[in-house]
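Reading the structure
So you can see what is in the structure, the chains are spelled out below.
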Amino acid sequence: MSRHNEHSIKDAIQSLLKTYKLDDKLAERKLISSWEAVMGKMIANHTKDLYIKNKQLFVTLDSSALRNELSMARTKIIKMMNEAAGMEVINDIILR
(Lines give C-alpha, C1' and ligand atoms only; values in the text may rest on other atoms or scores of the structure.)
Protein backbone atom coordinates (compact mmCIF):
# COMPACT_ATOMS: atom_id res chain seq x y z
CA MET A 1 0.00 0.00 0.00
CA SER A 2 1.41 3.37 -0.92
CA ARG A 3 1.96 6.18 1.54
CA HIS A 4 -0.54 8.32 -0.41
CA ASN A 5 -3.37 5.82 0.19
CA GLU A 6 -2.65 5.64 3.93
CA HIS A 7 -2.84 9.41 4.19
CA SER A 8 -6.10 9.46 2.24
CA ILE A 9 -7.67 6.81 4.49
CA LYS A 10 -6.64 8.77 7.59
CA ASP A 11 -8.16 11.94 6.12
CA ALA A 12 -11.35 10.08 5.19
CA ILE A 13 -11.77 8.72 8.72
CA GLN A 14 -11.15 12.15 10.28
CA SER A 15 -13.65 13.70 7.87
CA LEU A 16 -16.21 11.03 8.75
CA LEU A 17 -15.70 11.64 12.49
CA LYS A 18 -16.19 15.38 12.02
CA THR A 19 -19.23 14.95 9.81
CA TYR A 20 -21.00 12.85 12.42
CA LYS A 21 -19.61 14.94 15.30
CA LEU A 22 -17.83 11.93 16.75
CA ASP A 23 -14.40 13.58 16.94
CA ASP A 24 -15.38 15.51 20.08
CA LYS A 25 -16.76 12.36 21.74
CA LEU A 26 -13.60 10.46 20.82
CA ALA A 27 -11.45 13.23 22.35
CA GLU A 28 -13.60 13.17 25.50
CA ARG A 29 -13.12 9.40 25.85
CA LYS A 30 -9.39 9.83 25.32
CA LEU A 31 -9.22 12.53 28.00
CA ILE A 32 -11.16 10.46 30.54
CA SER A 33 -9.13 7.33 29.85
CA SER A 34 -5.91 9.30 30.41
CA TRP A 35 -6.95 10.46 33.92
CA GLU A 36 -4.82 7.89 35.77
CA ALA A 37 -1.77 8.39 33.54
CA VAL A 38 -1.93 12.18 33.95
CA MET A 39 -2.94 12.43 37.60
CA GLY A 40 -1.27 9.33 39.03
CA LYS A 41 -2.48 6.12 40.60
CA MET A 42 -3.13 7.59 44.07
CA ILE A 43 -5.51 10.25 42.75
CA ALA A 44 -7.13 7.77 40.36
CA ASN A 45 -7.78 5.41 43.31
CA HIS A 46 -9.68 8.20 45.10
CA THR A 47 -11.67 9.11 41.95
CA LYS A 48 -15.16 7.64 42.00
CA ASP A 49 -16.64 9.15 38.83
CA LEU A 50 -15.50 11.16 35.79
CA TYR A 51 -17.63 12.62 33.03
CA ILE A 52 -17.64 15.59 30.68
CA LYS A 53 -20.60 17.86 30.01
CA ASN A 54 -20.47 21.21 28.21
CA LYS A 55 -16.64 21.22 28.17
CA GLN A 56 -16.56 20.76 31.94
CA LEU A 57 -14.86 17.75 33.54
CA PHE A 58 -16.84 16.56 36.56
CA VAL A 59 -14.68 14.66 39.04
CA THR A 60 -16.16 12.89 42.06
CA LEU A 61 -13.57 12.17 44.75
CA ASP A 62 -13.86 10.27 48.03
CA SER A 63 -11.52 12.63 49.89
CA SER A 64 -12.30 16.23 50.82
CA ALA A 65 -8.60 16.89 51.53
CA LEU A 66 -7.69 15.73 48.03
CA ARG A 67 -10.54 17.75 46.54
CA ASN A 68 -9.18 20.89 48.24
CA GLU A 69 -5.65 20.14 47.06
CA LEU A 70 -6.73 19.59 43.44
CA SER A 71 -8.90 22.72 43.44
CA MET A 72 -5.74 24.80 43.89
CA ALA A 73 -4.23 23.25 40.75
CA ARG A 74 -7.31 23.44 38.49
CA THR A 75 -5.68 25.48 35.71
CA LYS A 76 -2.67 23.16 35.56
CA ILE A 77 -4.90 20.06 35.53
CA ILE A 78 -7.03 21.45 32.69
CA LYS A 79 -3.89 22.13 30.66
CA MET A 80 -2.40 18.67 31.31
CA MET A 81 -5.64 16.87 30.52
CA ASN A 82 -6.17 18.77 27.26
CA GLU A 83 -2.57 18.03 26.26
CA ALA A 84 -3.18 14.32 26.91
CA ALA A 85 -6.26 14.44 24.67
CA GLY A 86 -4.37 16.27 21.92
CA MET A 87 -6.87 19.14 21.73
CA GLU A 88 -8.93 21.42 23.94
CA VAL A 89 -11.66 19.20 25.28
CA ILE A 90 -12.38 20.88 28.62
CA ASN A 91 -12.23 24.44 29.89
CA ASP A 92 -13.24 23.82 33.52
CA ILE A 93 -13.12 21.17 36.24
CA ILE A 94 -15.87 20.66 38.78
CA LEU A 95 -14.57 18.76 41.82
CA ARG A 96 -17.18 17.03 43.98
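Report on the accompanying structure. (Residues numbered from 1 in each chain as written. Predicted model: local features only at pLDDT ≥ 70, side-chain atom pairs only at ≥ 80, totals over all residues. Heavy atoms only, no water.)

Turning next to the pattern of salt bridges. Scanning the entire structure with this criterion turns up six salt bridges. Across the pair K41 and E36 runs a salt bridge whose closest N-O atoms are separated by 3.6 Å. On the basis of relative accessible area, K41 is assigned to the exposed category, the value being 54%. Residue D92 pairs with R74 through a salt bridge whose shortest N-O separation is 2.6 Å. Residue D92 is found in strand β3 (residues 92-95), and its partner R74 is found in helix α6 (residues 74-85); the two are separated by 18 residues along the sequence. (Salt bridge = Lys/Arg side-chain N within 4 Å of Asp/Glu carboxyl O. Buried < 20%, exposed > 50% of the residue type's maximum accessible area, 1.4 Å probe, protein only. Helix = DSSP H or I, 4+ residues; strand = E, 2+ residues; numbered from the N terminus.)

Before going further, it helps to spend a moment on the packing of aromatic side chains. Counted under the stated rule, the structure contains one aromatic pair. Ring geometry for Y51 versus F58: centroids 4.8 Å apart, planes at 5°, classification stacked. (Phe/Tyr/Trp six-rings, centres within 6.5 Å; stacked < 30°, edge-to-face > 60°.)

Of note, the phi angle at N54 is positive, near 55°, even though the residue is not glycine. Assignment of secondary structure puts N54 in the loop between β1 (47-53) and β2 (56-61). For K55, which is not glycine, the phi dihedral falls at a positive 65°. Within the element layout of this structure, K55 appears in the loop between β1 and β2. The exposure class assigned to K55 is partly exposed, which follows from its relative accessible area of 35%.

Next up on the list: the sheet that holds β1. Strand order in the open sheet formed by three strands is β1-β2-β3, and the pairing between neighbours is mixed. The open sheet has two free edges, formed respectively by β1 and β3, since each of these has just one partner strand. Across this sheet, the average inter-strand angle for adjacent strands is 20°, counted without regard to direction. Two strands pair when backbone bridges link them, and β2 and β3 are joined in this way by four bridges, in the parallel orientation. Bridge pairing links L57 to I93 in β3. Relative to β1, helix α2 (residues 23-33) is tilted by about 160°, and along the sheet it contacts β1 and β2. (Pairing = 2+ DSSP bridges. Axes fitted to C-alpha atoms, helices over the stretch in contact; angles between N-to-C directions. Contact = heavy atoms within 4.5 Å.)

Note that β1 and β2 share six bridges and pair antiparallel. Paired with K53 across the bridge in β2 is Q56. Between β1 and β2, which pair antiparallel in sequence order, lie two residues; one of them, N54, sits at a positive phi of approximately 55°.

Among all positions in α2, only A27, E28, L31 and I32 are buried. Mapping the buried residues of α2 onto a view down its axis gives an arc of 135°, with all of them on the same face. Among the exposed residues of α2, those oriented more than 90 degrees off its buried face are L26, R29 and S33. In this structure, the buried residues of α2 make contact with α3 (35-39), β1, β2 and α6. (Arc of directions from axis to C-beta.)

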